[in-house]
Amino acid sequence: FGSRQGATGVAPSPSTTAMDYSELEGVNGLRTSWNIWPASKLDATRIVVPIGCMYTPLKQADNLQLVEYEPVVCRSRDCGAVLNPYCTVDFKAKVWNCPFCMQRNAFPPAYAANITEQMLPAELMPQSTTMEYIIPQVQVSPPVFLFVVDTAMIEQELDQLKDTLQQALSMMPQNAMVGLITFGNMAYVHELGFPDLPKSYAFRGTKEVTAQQVSYQLGFAVKNDPRGNAASTGSKRFLLPIGECEFALNSILDDLQKDPWHVAQEQRAGRCTGVALSVAVGLLETTFAQCSARVMLMVSGPCTVGPGQVVGTQLEETIRSHLDLQKDYKNARYTKPALKYYTGIASRAVMAGHAIDIFACSLDQVGLHEMKVCVDRTGGYMVMSDSFSMHVFKDSFKKLFELDAYGYLKMGFNCKLEVHTSREFKCQGAVGGLTSLHRKGPSAADSEIGEAGTCAWSIGALDHSTTLAFYFEVNQASSGNPQGRQAYLQYLTHYQHASGRKRLRVTTTSYRYAEANVQDVGPSFDQEAAAVLMARYAVAKTENEEPLDVLRWVDRMLIRLVSRFADYRKDDTNSFHLSPEFSIYPQFIYHLRRSNFLQTFNASPDETAYYRTAILRENVMNSLVMIQPALLEYGFDEGPPKPVLLDVASLKPNVILLLDSFFHVVVWRGETIQAWADAGYQEKPEYANFRDLLAAPAEDARAILQERFPVPKFIQTNAGGSQARFLTNKVNPSSTHNSTQGAYGSDQGAVVITDDVSLKVFMEHLIRLAVQS
């Protein structure tokens, strides 16, 4: 309990007029597309962009209240909301009103004895809109990491992978439990309990295995034993705390050889990824169901053997491309059975509360398109690189095991997230690394977006940046809202902390309903959050619809929004004006249309799967960098580097540019700068300022590489260099080989050879379509 002068028990709703949305995100981990909500269902359809919320459940906030006692929960049968600052309190009767179901609840005796208007419990303090409860007297097992390692690769790659694994083991907390499965043509589960006599259990790579078969073969289960007591003791041979098995595991890794199975000429190596993943999930299902656990798959090529196969063993048969999938060509015949198989594995992992991570390092595709469902439904990580020797894999993998200030891993496990809404609106669904628990409560809407038809979801694992998108609909027919009526929204995140304690994060927020006029909603538009919510919605639609249809839908939504909120006279393009709240939104949509999330041209199905999975888990700012990369210019002018337009006009000969597209960090040098560098001017003492200019972007790039997960690929290039394509394919082609302006040899920046329309042409078309009657 704490004292507060003039307490009323109700937190004021934040003013949306002078609000910095990113600052608000720092408090509650929330960004909303509209911060004043339409008052009726009809008005909600008129604002075009759905009411949505980007929520980071484990957001690190400076003022987070952490308490160790049970939360006070509403007693209503269909509610279950937790006491929060928006509850109204009757101090005389010692009761509180739930804003979600209007139930009157008596305070527990400990609260009732002390509560007054001046002495409030922490939950009712206005600043406690986000609280975290450590549930007392509940202990869970330490986190389990089951490494599933592909050995059907060249020796140099395997050595690099073994080295990274051994470094990661030395970083992990001593009580974390680990296990090892290796696979090539067959899958092997390694015993760690007896270092003197290494032993492994083999599973045939061509045969599908169930969790029950895994437990019998590993000697866990005794027939007709309903308690499954053998599982807990048997697991100690395969899954042990690092403190007890580090030597044994390092010895096994040291001795690990390339898969000895013979590979004939003109054939691919045998690789039973599907069976190995099934064995791993089966092992954890039997031993650590509903505990903190991750399966970490490291793979260097496609599955060619058994269930989950994505390509044949003959090298003359190419792995499927987007065109093969669209036309249903012969080499796409494995895709549907593989998708069905991996969906089954994902469902088993969800039921057990575990996450599946995939680290794919190969120059060719490995089957991420088919295996993506395992990551998307369990909240796991996906990292894609060219090789296990590259910093993209090595640094990303080690970053996972970094510890916080208290010595715990920076992740939560086996999460269950619930949403509670007040009566006037409902949740349409969620898009992100989660799976519906099919709990149809009063907060679930009939219309669906993403994982829908529920007000509770399962997430295998979370970290401090995992962000989920929730979509809502106003469900009242008329706008007859009493003046000042608020919408109330609460998120409850139950998860297992790496310390072995169960925790509950409660975030409650409130939004004001607009008056009858829809235009009142306009000034509360958060265009950054709205662009990301629309991007996630579009990516979710690509699962069931053709990319071209999704692009047309994105275009229609943009035209409708602009024609609704812009100021113009009918059929007069010169009168068009867009207010600052909406001015950058069309630009975000322009870059979204060109991005790898919606365009499959010049990308493999695996690359598309990787990019789409990444945008489904990142926060607003990181997602915006993916959609519209950031471009910084370094020149001889004094002062820090300046942000410049993502436009071909910025590619000048006398500057250095730093492009951050989230997946790639590119340092690009203009022709003049590169010529001076080739001439060695930076070596001469009188050109120290030039040496500093060359060093500055590299330092800034290093800072980005150190803080981001997954670690982006670093590219150093120059004008005309082969890798300059990573920059030129992102910039707005305002000057192309077709345009008369910006001819070759001019100082107006570079020329891009492309048939893409420029942002200027895109905006002209948008304005013309928006103003037409």
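Use the structure listed above.
Parameters at a glance
Residues numbered from 1 in each chain as written. Predicted model: local features only at pLDDT ≥ 70, side-chain atom pairs only at ≥ 80, totals over all residues. Heavy atoms only, no water. Helix = DSSP H or I, 4+ residues; strand = E, 2+ residues; numbered from the N terminus. Rg over C-alpha atoms; globule rule 2.2 N^0.38 Å. Buried < 20%, exposed > 50% of the residue type's maximum accessible area, 1.4 Å probe, protein only. Phe/Tyr/Trp six-rings, centres within 6.5 Å; stacked < 30°, edge-to-face > 60°. Lys NZ or Arg CZ within 6 Å of the ring centre and 35° of its normal. Pairing = 2+ DSSP bridges. Arc of directions from axis to C-beta. Contact = heavy atoms within 4.5 Å. Core = buried A, V, L, I, M, F, W, Y, C linked by side-chain atoms within 4.5 Å. Salt bridge = Lys/Arg side-chain N within 4 Å of Asp/Glu carboxyl O. Polar contact = N/O pair within 3.5 Å; in protein donor to acceptor, adjacent residues only side chain to side chain. Axes fitted to C-alpha atoms, helices over the stretch in contact; angles between N-to-C directions. Parallel < 35°, antiparallel > 145°, perpendicular 65-115°, else oblique. Left-handed = near helix turned anticlockwise from the far one by under 90°. Nonpolar A, V, L, I, M, F, W, Y, C, P; charged D, E, K, R; others polar.

### Section: the overall build of the chain
Across its full length, the chain holds 21 helices and 32 strands. On C-alpha atoms alone, the chain measures out to a radius of gyration of 28 Å, which is about the 28 Å that the 2.2 N^0.38 rule sets for 773 residues. Expressed as lengths along the three principal axes of its C-alpha atoms, the size of the chain is roughly 80 × 75 × 60 Å. The buried share among the 773 residues of the chain stands at 58%.

### Focus on the packing of aromatic side chains
Under the criterion given, the structure shown has 40 aromatic pairs. Residues F425 and F472 carry aromatic rings whose centres are separated by 5.6 Å and whose planes lie at 75° to one another, so their mutual orientation is edge-to-face. Taken together, the positions of F425 in strand β20 (residues 425-431) and F472 in strand β23 (residues 468-474) put the pair 47 residues apart, joining distant regions of the chain. In terms of burial, F425 and F472 fall into one category: buried. An aromatic cluster is built from F145, F147, F359, F388, F393, F397, F401 and F413, whose rings are joined through pairwise contacts. Sitting above the plane of the W553 ring, K541 keeps its charged end 4.7 Å from the centroid.

### As for the pairing of strand β11 (residues 144-150)
Burial of β11 is extensive: seven of the seven residues sit out of reach of the surface. Burial of the side chains of β11 extends over both faces: V144, L146, V148 and D150 are buried on one face and F145, F147 and V149 on the other. Sheet topology places β11 next to strand β12 (residues 177-183); seven bridges connect them, and they run parallel. Looking across to β12, one finds that V149 is bridged to T182. Two elements, β11 and strand β16 (residues 293-299), share six bridges in a ladder whose sense is parallel. Note that in β16 the partner of V148 across the bridge is L297.

### Some remarks on helix α1 (residues 21-28)
What α1 keeps buried is the set Y21, E25 and N28. The buried residues of α1 occupy an angular sector of 85° when projected down its axis, which confines them to one face. Close packing links the buried residues of α1 with β2 (30-32), β4 (51-55), β10 (130-139), β25 (501-513) and α17 (620-627). Backbone geometry just downstream of α1 places G29 in the positive-phi region, at approximately 70°.

### Re the pairing of strand β22 (residues 456-463)
Of all eight residues in β22, eight are buried; the element is thus mostly enclosed. By the bridge criterion, seven bridges tie strand β19 (residues 411-421) to β22 in an arrangement that is antiparallel. Residue pairing for β22: F413 is matched across the bridge by A461. Examined bridge by bridge, strand β21 (residues 435-436) and β22 share two bridges and lie antiparallel to one another. Counted as the bridge partner of S436 is W457 from β22.

### Some thoughts on the nonpolar core
Residues W34, Y342, F470, F472, Y491 and Y585 are the most contacted members of the largest nonpolar core, which totals 140 residues. When sequence neighbours within four positions are dropped, the list of residues in contact with F472 reads W37, I51, C53, V419, T421, F425, K426, C427, Q428, L489 and Y491. Counting residues in hydrophobic clusters, the runner-up holds 38 residues, among them F145, I242, M296 and C361.

### Side note on the environment of G635
Within the secondary structure, G635 is located in the loop between β28 (630-634) and β29 (642-643). Judged by relative accessible area, which is 27%, G635 ranks as partly exposed. Through-space distance from the C-alpha of G635 to that of D364 is 39 Å; in sequence the pair is 271 residues apart.

### Here we look at the environment of G80
As for its position among the elements, G80 is in the loop between β5 (65-67) and β6 (88-90). Along the chain, G80 and L646 lie 566 residues apart, while their C-alpha atoms are 48 Å from each other. Non-local contacts of G80, meaning those with residues more than four positions away in its chain, are made with V73, C74, H420 and L492.

### Brief notes about the pattern of salt bridges
Within the structure shown, the criterion is met by 36 salt bridges. The closest approach of N and O atoms between K372 and E543, which form a salt bridge, is 2.9 Å. You can see K372 sitting in helix α11 (residues 368-378) and its partner E543 sitting in the loop between α13 (527-541) and α14 (547-565), a full 171 residues away along the chain. For K372, a relative accessible area of 8% gives the class buried. Taking the relative accessible area as the measure of exposure, E543 reaches 51% and is therefore exposed. Put simply, E25, R31, D526 and E528 are held in one network by salt bridges that share partners.

### A closer look at the side chain of N414
Here N414 shows up in strand β19. At 2.8 Å, the side chain of N414 and the side chain of K416 are in polar contact. Filtering out sequence-adjacent residues up to four positions away, N414 remains in contact with Q290, C291, G353, I459, G460, H494, Y495 and Q496.

### So, the packing of α11 against helix α16 (residues 605-615)
Relative orientation of the contacting elements α11 and α16 amounts to 20°, with a least axis distance of 8 Å. With respect to α16, the element α11 is oriented roughly parallel. Our pair here, α11 against α16, has a crossing hand that is right-handed. Between α11 and α16, the residues in contact are L368, H369, K372, V375 and D376 and P605, D606, A609, Y610, R612 and T613, respectively. Here the contact of α11 with α16 is composed, by residue class, of five nonpolar, two polar and four charged.

### Topic: the sheet that holds β2
Pairing in this open sheet of four strands is antiparallel, and the strands run β2-β4-β23-β20 from one edge to the other. Across the chains shown, the open sheet's two edge strands, defined by having one partner strand only, are β2 and β20. Ignoring strand direction, the axes of neighbouring strands in this sheet form an average angle of 25°. On the sheet, α1 packs against β2 and β4 and is oriented at approximately 140° with respect to β2.

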